[in-house]
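Architecture at a glance
What follows is the residue order along each chain.
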Amino acid sequence: MTAGMATAQAEATRYPLTVENCGHQVTFEKAPKRVVAIGQTQTEILYALGLGDRVVGTAVWFSPVAKRFGAVNAGVKRLADNDPSFEAVVAQEPDLVTAMFEWHVGPNGIVGKRDQFTRLKVPAYVSPTDCVGKDNTGAGDGVRTQMFSMELVYRNIREFGQIFDVSARAEALVAELKAREDKAVASIAGAAAKDVPVVVWFSSKDVKGDAFLAGKNGVPAYILAKLGARNIITTNEEWPLVGWETVAVANPAVIVVVKMDRRRFPADDIDLKLNFLKTDAVASKLDAVREGRIVVMEVGATRAGLDTIDGIEALASGIKSFGLAK
């Protein structure tokens, strides 16, 4: 379906609208006009849909806003770089609170629980990318019971289209992202790229300690799978801590290193990561390091959102440049 066809087929929203979201029924009497977006991906999807003027507060940022959204973002209040307080959110008098992660707004929400917002008659919407096929009942980043898919991002976009009565824009955005995804996959269709072992390093609590590596079902794993590469990590945890001796046994052909502005842990710093790979007694002997097969990926690509497509494009380009695809 082309963007034009999608626009022609989109239907106007009929209110009241009820959306099933993370096991809850969320009802909207009309299109929201004041939105607090807890999470960069949710904020940028709203911007991409032309809804920046509805966003009255945002929080949880790992990197600068995408350049194309710089102007609109400059006029949006940043409640916090990381986790905002419940009080800061409700002070904006929102008629919708949307979150990127269920651990911000959910059963164990550290910003707020759904019933807290319900008592104030504020609908809460959590991205389906963080609750469909994912168990968030435990500590940490959760456990994915099935692999992430961009279809969940497309569902998020389309549901925003319904909620805000901009379904035509939503369908056009989905069509654009799908076309980019298909093009990146086609660019390394050569058999030489199949089953290339890859590891994705997000960060570490201590640069010389165990690393947070992408689990087998998260966003990075989806990127690898789309390109025919093989994730050396086989656990269900979103970002398990893994020792470099274990990585050495698998000896990945490519190492993806995540770049971010966040500085929660020392290894959030990309320069420290790259220096570690070159100087550590174990990591420096990996084939990927010795052969210079390292891909630097922006942190946005590791999250479920618009930038996931950027990640597919970046890794496809790296695989081609390393001669691992025909």
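Structure's up top.
Scope of this entry: the structure provided in the associated data block.

Reading the values: the criteria
Residues numbered from 1 in each chain as written. Predicted model: local features only at pLDDT ≥ 70, side-chain atom pairs only at ≥ 80, totals over all residues. Heavy atoms only, no water. Helix = DSSP H or I, 4+ residues; strand = E, 2+ residues; numbered from the N terminus. Expected span 1.5 Å × (residues − 1). Buried < 20%, exposed > 50% of the residue type's maximum accessible area, 1.4 Å probe, protein only. Pairing = 2+ DSSP bridges. Axes fitted to C-alpha atoms, helices over the stretch in contact; angles between N-to-C directions. Contact = heavy atoms within 4.5 Å. Salt bridge = Lys/Arg side-chain N within 4 Å of Asp/Glu carboxyl O. Phe/Tyr/Trp six-rings, centres within 6.5 Å; stacked < 30°, edge-to-face > 60°. Parallel < 35°, antiparallel > 145°, perpendicular 65-115°, else oblique. Left-handed = near helix turned anticlockwise from the far one by under 90°. Polar contact = N/O pair within 3.5 Å; in protein donor to acceptor, adjacent residues only side chain to side chain.

What follows concerns helix α6 (residues 150-163). Along an α-helix, residues three or four apart share an orientation, since each turn contains 3.6 residues. Between its first and last C-alpha atoms α6 spans 20 Å; for 14 residues at 1.5 Å apiece the expected length is 20 Å, and the two agree. Listed as buried for α6 are Met150, Leu152, Val153, Tyr154, Asn156, Ile157, Glu159, Phe160, Gly161 and Ile163. A positive phi of about 60° marks aspartate 165, the residue just after α6.

Our next topic: the sheet that holds strand β5 (residues 78-80). One open sheet accounts for five strands, arranged β5-β4-β3-β6-β7; its pairing is parallel. Each of the sheet's edge strands pairs with one partner strand only, and the pair in question is β5 and β7 (124-126). Put simply, the sheet's adjacent strands are angled 20° from each other on average, direction ignored. As judged from the three bridges shared by strand β6 (residues 96-99) and β7, these two strands associate in the parallel manner. Bridge pairing in β7 links threonine 98 to tyrosine 125. Contacts from α6 reach β6 and β7 within the one sheet, and its direction differs from that of β7 by about 160°.

What follows is about the pattern of salt bridges. The tally for this structure, following the rule as stated, stands at 14 salt bridges. Measuring nitrogen to oxygen at the nearest pair gives 3.8 Å for the salt bridge that ties glutamate 181 to lysine 226. Linking glutamate 181 in helix α7 (residues 167-187) with lysine 226 in helix α8 (residues 219-226), this pair joins segments that are 45 residues apart in sequence. Owing to a relative accessible area of 5%, glutamate 181 belongs among the buried residues under this scheme.

Here we take up the environment of methionine 297. You can see methionine 297 is positioned in strand β15 (residues 294-298). In the structure, methionine 297 is positioned 114 residues away from lysine 183 in sequence and 19 Å away in space, judged by C-alpha atoms. Those residues in contact with methionine 297 that lie beyond four places of it in its chain are Ile223, Val256, Val257, Val258, Lys259, Thr302, Gly311 and Leu315.

This paragraph deals with unusual backbone geometry. Outside of glycine, negative phi angles account for most residues, and trans bonds account for most peptide bonds. A cis amide bond, omega 0°, links tyrosine 15 with the succeeding residue proline 16. With respect to the element layout, proline 16 can be found in the loop between α1 (3-9) and β1 (17-21). Phi at cysteine 22 is positive, roughly 55°, even though this residue is not glycine. Here cysteine 22 lies in the loop between β1 and β2 (24-28).

Once that is clear, we can look at the packing of aromatic side chains. Following the criterion strictly, the structure yields 11 aromatic pairs and no others. When the ring of phenylalanine 86 is compared with that of phenylalanine 117, the centres are 5.1 Å apart and the planes differ by 55°; the resulting orientation is tilted. Of this pair, phenylalanine 86 sits in helix α4 (residues 86-90) while phenylalanine 117 sits in helix α5 (residues 114-119); the two residues are 31 residues apart in sequence, bridging distant segments of the chain. Considering the side-chain rings of phenylalanine 160 and phenylalanine 164, the 6.0 Å spacing of their centres and the 85° angle between planes classify their relative orientation as edge-to-face. Since its relative accessible area comes to 2%, phenylalanine 164 is described here as buried. Three or more aromatic residues joined by ring pairs form one cluster here, namely Tyr125, Phe160 and Phe164.

On to the packing of α8 against helix α12 (residues 308-321). Running from amino to carboxyl end, α8 crosses α12 at an angle of 45°, the nearest separation of the two axes being 10 Å. Classed by the angle they form, the pair α8 and α12 counts as oblique. Considering the relative orientation of α8 and α12, their crossing is right-handed. Contacts from Val219, Tyr222, Ile223 and Leu224 of α8 reach α12 at Thr308, Gly311, Ile312 and Leu315.

Our focus in this paragraph is the side chain of asparagine 136. Within the fold, asparagine 136 resides in the loop between β8 (134-135) and β9 (143-144). Polar contacts involving the side chain of asparagine 136 include one to the main-chain carbonyl oxygen of aspartate 130, which spans 2.7 Å. Within polar-contact distance, the side chain of asparagine 136 engages the side chain of lysine 134 at 2.6 Å. In contact with asparagine 136, not counting residues within four places along its chain, are Glu102, Asn108, Asp130, Cys131, Asp141 and Gly142.

Remember, this is a structural readout, not a statement about activity or role.
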